[in-house]
Amino acid sequence: MVKALRKPAQAAGDTAPVSDTRGDKTRRQIKAVIAKLASKRDLADISLSDICKGTKLTTGAVYFHFKGKDEAVEEMVIDEIETIYGALMKADHASFEAMARAIIAQCTAYEQAHGRRTRAIQLVINSRPRAYQAWLAARTPVIEQLTQLITRSRREAGLDADASPFLALFILNSIEDLSMDVFQWGNPTLKPYAEKPEDWIARQTALWSYAILAPMPAL
């Protein structure tokens, strides 16, 4: 069973909760340094000594709060996952087009602001079961809302809505994969289309808004 999201979810640098303790602050500091380092380097190139240097903590202090680098990295990634998808659910998306635009814009802005960090997130999701479960849980409400909006659009167009869950999952995956392909791996055939973010966002929004109204074979 997918675990429920932790409340409140905090990413590196978020405002501290009212009941913040010294330990909470130190854990958040450690994760913030890891997030900053992961924006510039691959995880394999980040050492415990780098984390200690960035936090001005001793190795013993880091081990007091985490079992080691891997656990600290995993916690940072889970915070990022919950914050990224949680932000999408805070907005009131009046239509599929509005939500698709919001997802594409967020992916684009995150990639541009955080460098290589998305690679770290993807690596940890694929290698750490707890992070993978957090990723599934965080995406679930996003997929559910996309499904509802696609269903509404298809019914308004007189189309069967049975394919809505598939379309929601396919479109979310495609947006994220395209974002990785362009901004992390520098796909030379796609990169020219993303030189102007506003055009990149508009083109994809138009594409997916058209795609959801395509006739679909029975599943």
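Our subject is the structure listed above.
Residues numbered from 1 in each chain as written. Predicted model: local features only at pLDDT ≥ 70, side-chain atom pairs only at ≥ 80, totals over all residues. Heavy atoms only, no water.

**Student:** Where do I start with the nonpolar core in this structure?
**Tutor:** Across soluble globular proteins, nonpolar side chains have a tendency to be buried as a group. Core analysis: the biggest nonpolar cluster contains 53 residues, and Ile81, Phe96, Ile103, Val142 and Leu146 have the highest contact counts within it. Looking at this core, the elements with two or more residues in it are α1 (22-38), α2 (48-55), α4 (69-90), α5 (96-114), α6 (117-127), α7 (129-156), α8 (164-183) and α9 (197-211). In terms of residue count, the dominant contributor to this core is α7 (nine residues). Leaving out residues up to four positions away in the same chain, Val142 has contacts with Tyr85, Leu88, Met89, Met99, Ile103 and Leu172. (Core = buried A, V, L, I, M, F, W, Y, C linked by side-chain atoms within 4.5 Å. Buried < 20%, exposed > 50% of the residue type's maximum accessible area, 1.4 Å probe, protein only. Helix = DSSP H or I, 4+ residues; strand = E, 2+ residues; numbered from the N terminus. Contact = heavy atoms within 4.5 Å.)

**Student:** Explain α1 to me, please; I cannot follow it from the model alone.
**Tutor:** Because an α-helix packs 3.6 residues into every turn, residues spaced three or four apart end up facing the same way. In this model, α1 (17 residues) spans 24 Å end to end at C-alpha, consistent with the 24 Å of a helix rising 1.5 Å per residue. Inspection of α1 places Thr26, Arg28, Ile30, Lys31, Val33, Ile34, Ala35, Leu37 and Ala38 among the buried residues, and these make up the whole buried set. Packing partners of the buried residues in α1 comprise α2, α3 (59-65), α4 and α6. (Expected span 1.5 Å × (residues − 1).)

**Student:** Could you clarify how one ought to interpret the packing of aromatic side chains in this entry?
**Tutor:** What characterises a pair of aromatic rings is the spacing of the ring centres plus the angle enclosed by the ring planes. Taken as a whole and judged by the stated rule, the model has four aromatic pairs. When the ring of Tyr132 is compared with that of Trp135, the centres are 5.7 Å apart and the planes differ by 35°; the resulting orientation is tilted. Here the residue Tyr132 and the residue Trp135 both occupy positions in helix α7, the gap between them amounting to three residues, near one helical turn. Both rings, one in Phe183 and one in Trp200, keep their centres 6.4 Å apart while their planes meet at 90°; by these two values the pair is edge-to-face. Of the two residues, Phe183 sits in helix α8 while Trp200 sits in helix α9, which places them 17 residues apart along the sequence. Through a chain of ring-to-ring contacts, the aromatic side chains of Phe166, Phe170 and Trp208 assemble into a single cluster. (Phe/Tyr/Trp six-rings, centres within 6.5 Å; stacked < 30°, edge-to-face > 60°.)

**Student:** Help me out: how do you make sense of the side chain of Asp20 in this one?
**Tutor:** With respect to the element layout, Asp20 can be found in the segment before α1. Accessibility expressed as a relative area gives 18% for Asp20, which makes it buried. Separated by 2.7 Å, the side chains of Asp20 and Arg28 make a polar contact. Dropping the residues within four chain positions of it, Asp20 is found in contact with Lys25 and Arg28. (Polar contact = N/O pair within 3.5 Å; in protein donor to acceptor, adjacent residues only side chain to side chain.)

Without other data, these values stay purely geometric and don't point to any function.
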